[in-house]
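# Understanding the architecture of this molecule
Take a look at the letters that make up each chain.
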Number of protein chains: 2
Amino acid sequence: MKLSANLTQLISSLRCLPGIGPKSAQRIAFHLLERDREGGTQLGHALTNAMNKVGHCQTCRTFCEEPICELCQNPKRIDSGLLCVVESPSDVLAIEQTAQFAGRYFVLMGHLSPLDGIGPNEIGLDELELQFAKGDIQEVILATNPTVEGETTAHYIAELCQKYQISASRIAHGVPVGGELDLVDGKTLAHAFNGRKVVAID
Amino acid sequence: MKLSANLTQLISSLRCLPGIGPKSAQRIAFHLLERDREGGTQLGHALTNAMNKVGHCQTCRTFCEEPICELCQNPKRIDSGLLCVVESPSDVLAIEQTAQFAGRYFVLMGHLSPLDGIGPNEIGLDELELQFAKGDIQEVILATNPTVEGETTAHYIAELCQKYQISASRIAHGVPVGGELDLVDGKTLAHAFNGRKVVAID
Ligand SMILES: [Zn+2]
Ligand SMILES: [Zn+2]
């Protein structure tokens, strides 16, 4: 027995969702068709719209549907002279939820990973260096993930900061080693911001 | 910080997926935008197509994109005189995978549940009775789920069968009580088919 073409296509397309295997994909497809066609239709449109229309801020690279995001347009954040570097847009969201940081962000959309061919330009460090060169950033807070790659990336950016005489600090206390930043609770993350330390370059 | 309109809509729409809470929905949305826009776009189209185009077979009510499904058009299955009644299209799929049954199906799309307002007509038993009246069905195999509602529904249909002098059997061995039919492995399900028993009406 063959399933119909559009049902087969739906089951196979559901596999793009993280953690969904073939059996789960089939159960989700049948669930939507049997019990929630309206929800399924709405999700279809929402996916099409989001994938087409959500781009990146030209300044900080976070998700944005305008050329420049709300945070990058905020004069208070620009005047703060503070720039927080994170790996992904979900980290911006997690940090914003602590309400402890009033500067700008720069979103790498990843981390340095030479073995996967991800060098400085692939994570926008050329763009970041242009921002450093303008001279209006006093301190860079390195909030990459506390993983080997995140630490390496933070160290690389700290060296760039030194070149432009910008102070570089690394968030420190409370972020569990080996974890992912956007899974940390707000209190821990706020603590990590307050306990940041200047990065020493050997 | 507000997320952009289409991103917010995507996160909220993902909640229609079974078992996806607000935090998972956000992680899935960010994952797709960061790492798999192509997959997300494809899934969007697949959902729209499936929700619009997958209907129900006019004869057996399983998922189908034509008026009558492949199984209902098969002369060998029609001539077998066997009809298997199941609760959902995924049960048809599970039984077909055992390759032990060569008759037709009737898919209730649910079970009797008077407290939820689901009576005989809501699960197509009026249509099923019209098929019984035609006189070409010799045996009905009741393969509803081994739950209270599934047993009640099977008993109700067995009574309908008696009215039309059609033999009614219930799949028996190996199906775990309280479970769901489409989660049972093929071997157990094949065994349950072979071990079916005639339903005694008091
Ligand atoms: Zn921005
Ligand atoms: Zn059919």
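These notes cover the structure that comes with them. Bear in mind the structure is a predicted one, so any value in this text is a computation, not a measurement. (Residues numbered from 1 in each chain as written. Chains lettered and ligands numbered in written order. Predicted model: local features only at pLDDT ≥ 70, side-chain atom pairs only at ≥ 80, totals over all residues. Heavy atoms only, no water.)

## Considerations on the coordination of the zinc ion (ligand 1)
Residues and elements named next belong to chain A. Those donors, Cys57 (SG), Cys60 (SG), Cys69 (SG) and Cys72 (SG), are the protein atoms that reach the zinc ion (ligand 1), and they lie 2.3 Å from it. With four donor atoms in place around the zinc ion (ligand 1) and angles of 104 to 117 degrees between them, the coordination shape is tetrahedral. As a motif over one chain, the donors of the zinc ion (ligand 1) read C-x2-C-x8-C-x2-C. With respect to burial, cysteine 60 and cysteine 69 carry one shared label: buried. (Donors = N, O, S within 2.8 Å, 3.2 Å for Na, K, Ca; no water. Tetrahedral: all angles 85-135°; square planar, octahedral: opposite > 155°, others 65-115°. Buried < 20%, exposed > 50% of the residue type's maximum accessible area, 1.4 Å probe, protein only.)

## A closer look at helix α8 (residues 148-163) of chain A
Residues and elements named next belong to chain A. With 16 residues, α8 should reach 22 Å at 1.5 Å per residue; the first-to-last C-alpha distance of 23 Å fits that figure. Regarding α8, the residues found buried are Gly150, Thr153, Ala154, Ile157, Ala158, Leu160 and Cys161. Angularly, the buried residues of α8 cover 160 degrees about the axis, an arc narrow enough to put them on a single face. Every exposed residue of α8 that faces more than 90 degrees away from the buried side is listed here: Val148 and Lys163. Where α8 is buried, its residues meet β3 (82-86), α7 (125-133), β5 (139-142) and β6 (167-170). (Helix = DSSP H or I, 4+ residues; strand = E, 2+ residues; numbered from the N terminus. Expected span 1.5 Å × (residues − 1). Arc of directions from axis to C-beta. Contact = heavy atoms within 4.5 Å.)

## Side note on the environment of B:Leu7
Examined against the element boundaries, B:Leu7 turns out to sit in helix α1 (residues 5-13). Separated by 49 residues in the primary sequence, B:Leu7 and B:His56 have C-alpha atoms spaced 33 Å apart. With sequence-adjacent residues up to four places away left out, B:Leu7 is seen in contact with A:Val54, A:Phe63, A:Glu65, B:Ala29, B:Phe30 and B:Leu33.

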